[in-house]
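As a plain string of letters, each chain reads:
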Amino acid sequence: MQIPTAAGPADGFLALPDDGGRHPGVLMYPDAFGDRPALRELARELAGHGYAVLVPNVFHRHGPAPVTGLPAHIDAGTRPALLARLMPLIEAHTPDRVLSDADDFLAFLAGRPEVRPGAVAVTGYCFGGLLAMRTAAAHPGRVAAVAGFHGPVGATGDDLHRLLSAITAEVHLGHAAGDLTPEALGGLNLALAAAGVVHTSEIYPGTVHGFTMSDTDAFDPAGLRLHWDRLLPLLRRSLTDG
């Protein structure tokens, strides 16, 4: 798909159920490696449960996805060089860019005939989890559910309380065991509660950063199953008839 944005067209992928009907929309932010077969597998799986799922290229200002060449499998030997190339793009993706794109991505979903009017959900992986939270905070009347997996939500320079206090969506955060200590999890959950956010936030046992991504060494099948066990009920609760 080509998504109109204030910065020019953004490429993306739209996964749809097979019945030809209208379904609740889900904006799925990828990890830093971007839209690729592993992300499309997740989007298609979610679409099979009755959702219209948009995966945008968040780095569209730098070219079509993937913006850097990716191997078929990302392992410990290839990851450092890939991240070194991607880090300038991540740093250039300022909050203003995030929010401008979020407006346009949600408008694109709203304009699709396959997407039912009403509330949407936003999910994100890795740094996409932070994008999902920022999107939910900026669109409290539109985003009913937000989920982030192995994301840096608690490790951001944002005013965390200000970010969380703007969110009216129900939130689930699934943290990698290698990313967050129990003490840090406790602090994040206290901040969520203090902001009045309805939430679940937990460490997925035995996982490392990137555990949902089947094309990386970090992939953990049990962690991915737990991700679905948390995400699908959240969407059913939040998006009527989903």
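Note that the structure is a prediction, hence the values are computed from the model and not measured. (Residues numbered from 1 in each chain as written. Predicted model: local features only at pLDDT ≥ 70, side-chain atom pairs only at ≥ 80, totals over all residues. Heavy atoms only, no water.)

1. Regarding the side chain of H227
The test is simple: Labels follow the DSSP assignment, with helices taken as runs of H or I lasting at least four residues and strands as runs of E lasting at least two, numbered in each case from the N terminus. Only protein chains enter the calculation, and the probe is 1.4 Å; a residue is then buried if its accessible area is under 20% of its type maximum, exposed if over 50%, and partly exposed in between. Contacts between residues were defined by any pair of non-hydrogen atoms, one from each residue, lying within 4.5 Å.
Structurally, H227 can be placed in helix α7 (residues 221-238). Here H227 falls in the buried class, since its relative accessible area comes to 0%. What H227 contacts, discounting residues up to four positions off in sequence, is L42, Y125, F149, Y204 and T212.

2. Here's the deal with the sheet that holds strand β8 (residues 199-204)
Rule in force here: At least two bridges found by DSSP between two strands is the condition for calling them paired. In this description, a line fitted to the C-alpha atoms serves as the axis of each element, helices being fitted only across the stretch in contact, and the angle between N-to-C directions of two axes falls anywhere from 0 to 180 degrees.
Here we have eight strands laid out as an open sheet, ordered β1-β2-β4-β3-β5-β6-β7-β8, and mixed in their pairing. Two strands close off the open sheet at either side, each with one partner strand: β1 (2-3) and β8. Of the pairings in the sheet, the one linking strand β3 (residues 25-29) to strand β4 (residues 52-56) comprises three bridges and is parallel in character. Counterpart to V26 in the pairing with β4 is V53. Along the sheet, helix α1 (residues 37-47) contacts β2 (10-15), β3, β4 and β5 (120-125); its crossing angle with β2, the most-contacted strand, is approximately 40 degrees. Across the sheet, helix α3 (residues 95-111) is in contact with β1, β2, β3, β4 and β5; its angle to β3 comes to roughly 145 degrees.

3. Let's talk about the pattern of salt bridges
Rules: The salt bridge definition used is simple: a Lys or Arg side-chain nitrogen within 4 Å of an Asp or Glu carboxyl oxygen.
As enumerated under the stated definition, the model contains seven salt bridges in all. For R237, the salt bridge identified is with E170, shortest N-O distance 2.7 Å. Here the residue R237 occupies a position in helix α7, and E170 occupies one in strand β7 (residues 170-176), the gap between them amounting to 67 residues. Since its relative accessible area comes to 18%, E170 is described here as buried. R230 is paired through a salt bridge with E202; the nearest N and O atoms lie 2.5 Å apart. Here R230, found in helix α7, pairs with E202, found in strand β8; they are 28 residues apart in sequence, far enough to count as distant. On the basis of relative accessible area, R230 is assigned to the partly exposed category, the value being 31%. Here the salt bridges share partners, and the residues they tie into one network are D31, R36 and D215.

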